[in-house]
Amino acid sequence: MGDGPPTLWEWIARNWDTGRVGSIRDLLGDHLVMSLVPIVAGLLLALPLGLASVRWRWLYQPTAGVFNVIYALPSLPVFMLLISVTGLSQLTVIIPLTFYAMAVLIPAVVDGLGAVPEHVRQSAVAMGFTPLRRLVQVELPIATPVVLAGLRVVAVSSISLVSVGALIGQGGLGMLFTRAYQNPFLPPVIVGIALIVLLALVADGLLVLAQRLLTPWVRARRAT
Amino acid sequence: MSWLTDFFGDPANWSGPDGIPARLLEHLEFSALALVLAMLVAVPLGLLIGHTGKGGLLVVVTANLARALPTLGLLVLFVLLLGTASILPVIIPLVLLAVPPILVNTFEGIRGVDPELRDAAYGMGLTGGQVLGRVLVPVALPLILLGLRLSAIQVVATTTVAAYTGLGGLGRFVIDGFATKDYAGVVGGSVLIVLFALVVQIVFMLVQRATVSPGVSQRLITPKKGRL
């Protein structure tokens, strides 16, 4: 290693796992937690709310309205306002991202269930399915492609949005951006952007795979 | 709550280049500039691709990829590469992130028009340009406006974050307040940005109500969401 600034690869090798807080590996782990929790929590909360909105139609307009407003709020001021409640913790980033996820997933659940053809629903009733069994074995599987499409949007945008949290010191890989800005140096920015885009692509790929495994009939129908 | 009265009650916050009116105007200027530039690129391109049907897959794939790009990373990258002599390094990522929602929704809007409607327009003797201008655009308008609205959400948020790299606007109160532990500034600035975003939403809803033909707005459209 010479006297000049380290090259990209040297910088990566030196900072990948320093054993201290703030190594790239450390930040990657934080980033995964802060993006995965909102994706999963958003889905778990959107499912019952979406189901309720389908069951009681009047509920849908107000729910969608509230989440449309929430979705329009920029993340940084929301993080800042939440600090007084949750402090400078990962939760300050996780909670708003969960709400953004719900704003995308609730309509996806409602649209997905709306895509169940009436004759299919009636066939299930005629076959003696109880409402719960009909939901789990007929309606939810048919809704899966639409819900997963929403989940892909949520996954990719959550992964990229976590980095804004760096401005309150909780940004996962986004911390590389603030570090690079305070001490002007390109490699951390490049590594940060590359890893975030890579994470997003992997998440997206896994969801596409999940869709293939969960809805084999979609491909079977296309093949015939 | 006392933070709010501290912030909004301080007369020093209401005048000068770092007062609320000046910062509000800056935020509006940067957001509007980025949105208009993005619109000038994305709307014609979306119309062209939707109308000719060529390059659609490319648009969708690119837009999905763009959603993965981290705002803060792009801002820092361009500022480090181009310096802070002008606002160009900040405007580039703002526009870059504002283009995909408009492009995708314009494209999807045009492509989604009922083919029978399109054929009927041609059958009436309209030229390609007339079909686009008199039939396809009015029918696709709700989706085009949705794209603009999502893009505006994106731009207002990104302009806020851009205060970190030295841009003016309402983000200054938040970023500077956080750096100097001036929590009245942080909370006051955050509330201002939230209100600003809500007003932008309301304006877009009013524009939609005023411009979309009533014959069109009765039809159900499925919003395409996606935060970039």
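No experiment lies behind these values; they were computed from the predicted model shown. All residue numbers refer to positions counted from 1 along the written sequence of the respective chain. To label them, take the chains in the order written and letter them from A, then take the ligands in the order written and number them from 1. Only residues with pLDDT of at least 70 are given local features in this predicted model, and only at 80 or more are side-chain atom pairs given and counted; all residues enter the totals for whole chains, interfaces and linings. The basis for every side-chain value is the complete set of heavy atoms in the structure, and neither hydrogens nor water enter the calculation.

Peer 1: What's the story with the overall build of chain B in this structure? I'm lost.
Peer 2: For the purposes of this entry, the term helix denotes a DSSP run of H or I that reaches at least four residues, the term strand denotes a run of E that reaches at least two, and both are numbered from the N terminus. Looking only at helices and strands, chain B has 10 helices and zero strands in total. Secondary structure of chain B in N-to-C order comes out as α-α-α-α-α-α-α-α-α-α. Dimensions of chain B along its principal axes, counting C-alpha atoms only, are 65 × 40 × 25 Å. Buried residues are those whose accessible area, probed at 1.4 Å on protein chains only, stays under 20% of the maximum for their type, while exposed residues exceed 50% and partly exposed ones sit between those limits. The 228 residues of chain B split such that 53% are buried. The contact definition used throughout considers only heavy atoms, calling two residues in contact when any of these lie within 4.5 Å. Sequence separation of at least 24 residues holds for 75% of the intrachain contacts in chain B that already meet a minimum separation of 6. Reported accessibility uses the Shrake-Rupley method at a 1.4 Å probe radius. Residues are deemed covered only where the shown protein chains occlude them. Working note: accessible area of chain B is about 10,500 Å², and carbon and sulfur atoms make up 70% of it. Neither His nor the chain termini are counted; the positive set is Lys and Arg, and the negative set is Asp and Glu. A single reference atom marks each charge: NZ on Lys, CZ on Arg, CG on Asp, CD on Glu. Averaging the coordinates of the 14 positive side-chain charges in chain B and doing the same for the 11 negative ones gives two points 12 Å apart.

Peer 1: What is the right way to read the interface of chain B and chain A from this model?
Peer 2: Reports often express the size of an interface as the amount of accessible area lost when the parts come together. In this assembly, 41 residues from chain B lie in contact with 45 residues from chain A. Whenever two N or O atoms come within 3.5 Å, that pair is a polar contact, provided that in protein one can donate a hydrogen and the other can accept it, and provided that, for residues adjacent in sequence, both atoms are side-chain atoms. On the surface where chain B and chain A come into contact, there are three residue pairs in polar contact (both at pLDDT 80 or more). Those elements that provide at least two residues to the side of chain B that touches chain A are helix H3 (56-68), helix H4 (71-82), helix H7 (128-162), helix H8 (171-179) and helix H9 (183-211) of chain B. Residue classes follow a fixed rule: Ala, Val, Leu, Ile, Met, Phe, Trp, Tyr, Cys and Pro count as nonpolar, while Asp, Glu, Lys and Arg count as charged, and any other residue, Gly among them, counts as polar. Looking at the side of chain B that touches chain A residue by residue, the class counts come to 29 nonpolar, nine polar and three charged.

Peer 1: How do you make sense of the packing of helix H8 (residues 175-182) of chain A against helix H9 (residues 186-214) of chain A when you look at a structure like this?
Peer 2: Two measures define how a pair of helices packs: the angle their axes make with one another and the distance between the axes. Residues and elements named next belong to chain A. Relative orientation of the contacting elements H8 and H9 amounts to 165°, with a least axis distance of 8 Å. The angle between H8 and H9 falls in the class roughly antiparallel. In this structure, H8 meets H9 at a crossing whose hand is left-handed. Of the residues in H9, those in contact with Leu176, Phe177 and Ala180 of H8 are Pro188, Val189, Val191, Gly192, Ile193 and Ile196. Of the residues in the contact of H8 with H9, the class split is eight nonpolar, one polar and no charged. Helix axes are fitted only over the stretch in contact, all axes being lines through C-alpha atoms; the angle between N-to-C directions runs from 0 to 180 degrees. Between 65 and 115 degrees an angle is taken as roughly perpendicular, under 35 as roughly parallel, over 145 as roughly antiparallel, and anywhere else as oblique. It is the rotation of the near helix from the far one that decides the hand of a crossing: anticlockwise by less than a right angle makes it left-handed, clockwise makes it right-handed.

Peer 1: Is there a simple way to explain helix H2 (residues 24-55) of chain A in this structure?
Peer 2: Residues spaced three or four apart along an α-helix point in a common direction, a consequence of the helix completing one turn every 3.6 residues. Every helix has an expected span of 1.5 Å times one less than the residues it contains. Compared with the 46 Å implied by 1.5 Å per residue over 32 residues, the 46 Å span of H2(A) between its first and last C-alpha is a close match. The bend reported for a residue corresponds to the angle between axes fitted to the seven residues ending at that residue and the seven starting there. If you look at H2(A), its biggest bend is around 25°, right at A:Ala46, and the proline A:Pro48 turns up within four residues after that.

Peer 1: Explain the UniProt feature "transmembrane region" (unreviewed entry) in chain B here, please?
Peer 2: All names here are of chain B. UniProt positions are given in the numbering used here, feature names are shortened, and annotations may be inferred rather than shown by experiment. UniProt's feature table lists "transmembrane region" (unreviewed entry) at residues 30-50, 71-99, 131-148, 155-175 and 187-207, given in the numbering used throughout. A distance of 13 Å separates the end C-alpha atoms of residues 71-99, which is 83% helix and 0% strand. Each end of residues 131-148 is marked by a C-alpha atom, and these two atoms are 22 Å apart; helix forms 100% of the span and strand 0%.

Peer 1: Can you walk me through the packing of helix H2 (residues 20-52) of chain B against H9(B) in this structure?
Peer 2: Residues and elements named next belong to chain B. It is the contact of H2 with H9, at a shortest axis distance of 12 Å, that shows an interaxial angle of 45°. The pairing of H2 with H9 is recorded here as oblique in orientation. By crossing handedness, the relation of H2 to H9 is classed as right-handed. Packed against H2, whose contacting residues are Ile20, Leu24, His27, Leu28, Ser31 and Leu35, the element H9 presents Leu192, Phe196 and Phe204 at the interface. Its residues placed into classes, the contact of H2 with H9 shows seven nonpolar, two polar and no charged.

Peer 1: Help me out: how do you make sense of the pattern of salt bridges in this one?
Peer 2: Oppositely charged side chains can pair when the atoms bearing their charge come close. Residue and element names in this part refer to chain A. Salt bridges are counted wherever a side-chain nitrogen of Lys or Arg sits within 4 Å of a carboxyl oxygen of Asp or Glu. Tallied over the entire structure, the rule returns eight salt bridges over all chains. The shortest N-O distance in the salt bridge between Arg121 and Glu118 comes to 3.5 Å. One end of the pair, Arg121, and the other, Glu118, are both in helix H6 (residues 118-126), three residues apart, so they sit about a helical turn from each other. Owing to a relative accessible area of 21%, Arg121 belongs among the partly exposed residues under this scheme. Salt bridges linked by common partners bring Glu118, Arg121, Arg134 and Glu139 together as one network.

Peer 1: How should I be thinking about the UniProt feature "transmembrane region" (unreviewed entry) in chain A in this particular structure?
Peer 2: Annotation from UniProt places "transmembrane region" (unreviewed entry) at residues 32-54, 66-85, 91-113, 142-169 and 189-210 of chain A. End C-alpha atoms of residues 32-54 of chain A are separated by 32 Å, and the span's content is 100% helix alongside 0% strand.

Peer 1: Whenever I open this one, the UniProt feature "domain: ABC transmembrane type-1" (unreviewed entry) in chain B confuses me. Can you help?
Peer 2: Following the UniProt record, one finds the feature "domain: ABC transmembrane type-1" (unreviewed entry) at residues 24-204 of chain B. This span, residues 24-204 of chain B, is 85% helix and 0% strand, and a straight line between its end C-alpha atoms measures 18 Å.

Peer 1: Hey, could you run me through the packing of aromatic side chains in this one?
Peer 2: Ring pairs (aromatic) are described by centroid distance and by the angle formed between their planes. Ring geometry is summarised as follows: Phe, Tyr and Trp rings, the Trp one being its six-membered ring, pair when their centres sit within 6.5 Å, and such pairs are stacked at plane angles under 30 degrees, edge-to-face over 60 and tilted between the two. Tallied over the entire structure, the rule returns seven aromatic pairs over all chains. Ring geometry for A:Phe67 against A:Phe99: centres 6.2 Å apart, planes inclined by 20°, an arrangement best described as stacked. Of this pair, A:Phe67 sits in helix H3 (residues 60-71) while A:Phe99 sits in helix H5 (residues 91-114); the two residues are 32 residues apart in sequence, bridging distant segments of the chain. Residue A:Phe99 is classed as partly exposed on the basis of its relative accessible area of 35%. Measuring from centroid to centroid gives 5.9 Å for B:Trp3 and B:Tyr183, while their planes differ by 45°, and the two rings are tilted. One end of the pair, B:Trp3, is in helix H1 (residues 2-9); the other, B:Tyr183, is in helix H9, and 180 residues separate them in sequence. Linked through ring pairs, B:Phe7, B:Phe8, B:Trp14 and B:Phe173 together constitute an aromatic cluster. Taking NZ or CZ as reference, A:Arg133 lies 4.1 Å from the ring centre of A:Phe129, over its face. Charge over a ring is defined by NZ of Lys or CZ of Arg lying within 6 Å of the ring centre and within 35 degrees of the ring normal.

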